[in-house]
Amino acid sequence: MRLKSVLRLCPQPARLACQDSISYDLERSLHLSYPDYRNCYGINSHGISQSQQGASTLVLALFVVAILVTAVVGLLFGHKLGYQRGYYSMQTEAKQAVITSKEATQELKDLRLSSKIATNEAATAKQELEISLANLKELRENQQELTVENKQVAQLNEIYAEIISEQGGMPLQILGAKIEPLPENAFEYGFDIGMLASDGKAKRLKPTLTLLNDDDFVEVPLEPASYTIEGITRIRGRFMMPSGFKPLQVKLSLRAGGQEVEQLYDWKLGDKVDNMPLSLLDLPEVDESPIEP
């Protein structure tokens, strides 16, 4: 706008002269220097300097405005983005807090349940302990009673033994006998032997067990081979039947204190019994209980 005003203030003759000069020698005017061209149109350096300063100020102002607008837009965008992120973060944290609260509640329930179970188990263990202590006390009392009874029976047996010895003693005799089948062609034998010498002293007992059939016999090795007898002695053990041998009778021979006893039994003593174990490894120890006649 300021440039157009300067052009209007140029004198009319000078403007025409310049135009004539330009039309006269167009080729020369193309080679006019920049100062001459500026003088022809009446443009001075002071006006151009002011125009440049104004344009620079305007550009600077526009640049500042652009920076401010950009900053404001950036702030608004950053605020919106931050708000959204914060909002979503708060939602996520809230959801996580709810989940954590539920898990904590479930863990608390589990802890309460575990505590209740532990309390019940402790109460049960306490009851079992009380029952065990009561049973132990009862067993001790029973054991004490049995000990007293055994002492009484032993004392009574000593009295009977003295009386029997004074009356000539008890002769050598078989009180009970048994032979039972076992797995793997094995058998278990048991004999209860009674004897009381007239002098009341223990005697050495030598037993012999023999299996018989019509044509042959087999002597069963006994372990131990001899016993000490003073009242009642129990002979117990197991043996393997020889392959292919089928006994018909069993003979038990006894020698002790100058006395001899011999007894024959039919092999029916070795008949099969019910509920026999499948293997010798499943068998308990030899039964030491008295044999019923």
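Preceding block: the structure.
Residues numbered from 1 in each chain as written. Predicted model: local features only at pLDDT ≥ 70, side-chain atom pairs only at ≥ 80, totals over all residues. Heavy atoms only, no water.

Peer 1: What's the story with the overall build of the protein in this structure? I'm lost.
Peer 2: Of the regular secondary structure elements, the protein holds five helices and eight strands. For the protein, the sequential pattern of α-helices and β-strands runs α-α-α-α-α-β-β-β-β-β-β-β-β. Across the 293 residues that make up the protein, the buried fraction comes to 19%. Expressed as a percentage of contacts within the protein between residues at least 6 apart in sequence, the contacts between residues at least 24 apart total 68%. Total accessible area on the protein is roughly 22500 Å²; 57% of this is exposed by carbon and sulfur atoms. (Helix = DSSP H or I, 4+ residues; strand = E, 2+ residues; numbered from the N terminus. Buried < 20%, exposed > 50% of the residue type's maximum accessible area, 1.4 Å probe, protein only. Contact = heavy atoms within 4.5 Å. Areas by Shrake-Rupley, 256 points an atom, 1.4 Å probe, with all protein chains shown as cover.)

Peer 1: How should the nonpolar core be read in this particular structure?
Peer 2: In globular proteins that are soluble, nonpolar side chains generally tend to be buried together. Ranked by internal contacts, the top residues of the largest apolar core, which has 26 residues, are Phe191, Ile193 and Leu205. Of all elements in the fold, only strand E1 (170-182), strand E2 (186-196), strand E3 (203-212), strand E5 (227-229), strand E6 (231-240) and strand E7 (249-256) reach the threshold of two or more residues within this core. Here this core gets five residues from one element, more than from any other, and that element is E2. Ignoring sequence-local partners within four residues, the contact set of Phe191 consists of Gly176, Ala177, Leu209, Thr233, Arg234, Ile235, Arg236, Leu252, Tyr265 and Ile291. (Core = buried A, V, L, I, M, F, W, Y, C linked by side-chain atoms within 4.5 Å.)

Peer 1: Help me understand the sheet that holds E2, please; the structure alone is not making it clear to me.
Peer 2: Remark on secondary structure: sheet strands pair via backbone hydrogen bonds, oriented parallel or antiparallel. If you trace the three strands from one edge of the open sheet to the other, you get E1-E2-E6, paired in antiparallel fashion. Every other strand in the sheet has two partners, leaving E1 and E6 as the edge strands with one partner each. Averaged over all neighbouring strand pairs, the angle between strand axes comes to 15°, with direction disregarded. Bridge count for E2 against E6 is 10 bridges, and the pairing is antiparallel. Within E6, the position partnered with Gly190 by the bridge is Arg236. (Pairing = 2+ DSSP bridges. Axes fitted to C-alpha atoms, helices over the stretch in contact; angles between N-to-C directions.)

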